[in-house]
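Residue-level structural notes
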Amino acid sequence: MRFQITGSDHQECSFAAFATSSLRRTFIGAVLLLLLINASTVLAGNQKEEAMADSVRMALSRAISDPRPPIPQFIDIKERLAYLQWLGDMSDRLAKRISDRQVRIEFLRTVWYEARRAGLDPALVLGLIQVESAFRKYAVSPVGAHGYMQVMPFWTRVIGDGDRSKLFHMQTNLRFGCSILRMYLDMEKGDLFLALGRYNGSRGRAEYPNSVLASWRNWEHHP
């Protein structure tokens, strides 16, 4: 980036003087803050509250209120072995981001369960979480989105009990996030690009969907 200082000859200042001044430090700080804000705007969740049919609201409310724990069910031993291989592979990949093994395994089990429950690929959900919160349970975006999947607090009022603090509970956050993404996919008739844009509050823009899709590929499991 180039900066040009203009003015009459007697008002010109040298770059060296500018570089050593407190003004430069203040200016650079402001630029960095602006860049951080812009980056957050592109990547952090910012779902919009919009009118929805009562049937959709009721379906979402039922989806997030199901009290069953994230215990996977398998039709045969082959499916169970495939799940255990996925769990081991993902745990190894995630170790640098979530160091506590017990927490990591519980997180992955819940991601797998909630993603499958909503008809989503667990790798897609992991990719979205990486982009949204970098796997930070207590992340809060500049617009107020909460937790792993950066769920906007208004959802707790629309389809929950109004307690936004629950969005920092792992299973609650993942259940809200997966259910909301599923709803957006249905609204967009299966168009993942547009559904991801809705999830981020940037429908029609490419930055966020492209980031999630690239991250999704990195979390795919190849047995």
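Placed above this text is the structure.
Now for a description of the structure that goes with this document. (Residues numbered from 1 in each chain as written. Predicted model: local features only at pLDDT ≥ 70, side-chain atom pairs only at ≥ 80, totals over all residues. Heavy atoms only, no water.)

Points about helix α5 (residues 101–117)
In this model, α5 (17 residues) spans 24 Å end to end at C-alpha, consistent with the 24 Å of a helix rising 1.5 Å per residue. Within the span of α5, buried status applies to Arg104, Ile105, Phe107, Leu108, Thr110, Val111, Trp112, Tyr113, Glu114 and Ala115. Elements that come into contact with the buried residues of α5 comprise α4 (77–94), α6 (122–133) and α8 (170–187). You can read the cap of α5 off the contacts: a side-chain oxygen lies 3.0 Å from the backbone nitrogen of Gln102, and it is on Asp100. Of the residues flanking the end of α5, it is Gly119, one or two places downstream, whose phi is positive at about 75°. (Helix = DSSP H or I, 4+ residues; strand = E, 2+ residues; numbered from the N terminus. Expected span 1.5 Å × (residues − 1). Buried < 20%, exposed > 50% of the residue type's maximum accessible area, 1.4 Å probe, protein only. Contact = heavy atoms within 4.5 Å. Polar contact = N/O pair within 3.5 Å; in protein donor to acceptor, adjacent residues only side chain to side chain.)

Thoughts on the packing of α5 against α6
Put simply, α5 and α6 touch, their axes get as near as 8 Å, and they point 120° apart. Between α5 and α6, the crossing angle belongs to the class labelled oblique. Viewed along their axes, α5 and α6 form a crossing whose handedness is right-handed. The segment α5 lies against α6, with Phe107, Leu108, Val111, Trp112, Ala115 and Arg116 engaging Pro122, Val125, Leu126 and Ile129. Grouping the constituent residues of the contact of α5 with α6 by class yields nine nonpolar, no polar and one charged. (Axes fitted to C-alpha atoms, helices over the stretch in contact; angles between N-to-C directions. Parallel < 35°, antiparallel > 145°, perpendicular 65-115°, else oblique. Left-handed = near helix turned anticlockwise from the far one by under 90°. Nonpolar A, V, L, I, M, F, W, Y, C, P; charged D, E, K, R; others polar.)

Some points on the layout of surface pockets
Of the volumes computed, that of the largest pocket is approximately 210 Å³. Val56, Ala59, Leu60, Ala63, Arg117, Ala118, Ser179, Arg182, Met183, Asp186 and Met187 are the residues that line the largest pocket. Sorting the residues of the lining of the largest pocket by element identifies α3 (54–65) and α8 as the ones contributing at least two each. Considering every element that reaches the lining of the largest pocket, the biggest residue donor is α8, with five residues. Within the lining of the largest pocket, the residues separate by chemical class into seven nonpolar, one polar and three charged. Each pocket or cavity is described by its volume, and for the second largest pocket that value is around 170 Å³. As for the second largest pocket, its lining consists of Ile64, Asp66, Gly160, Asp161, Asp163, Lys166, His169, Gln171, Thr172, Arg175 and Phe176. The biggest single contributor to the lining of the second largest pocket is α8, with four residues. (1 Å grid on protein atoms, 1.4 Å probe; cavity = no way out; pocket = protein on both sides within 12 Å on 5 of 7 lines; lining within 4 Å. Points joined across faces, edges and corners; volume = space filled by probe spheres on them.)

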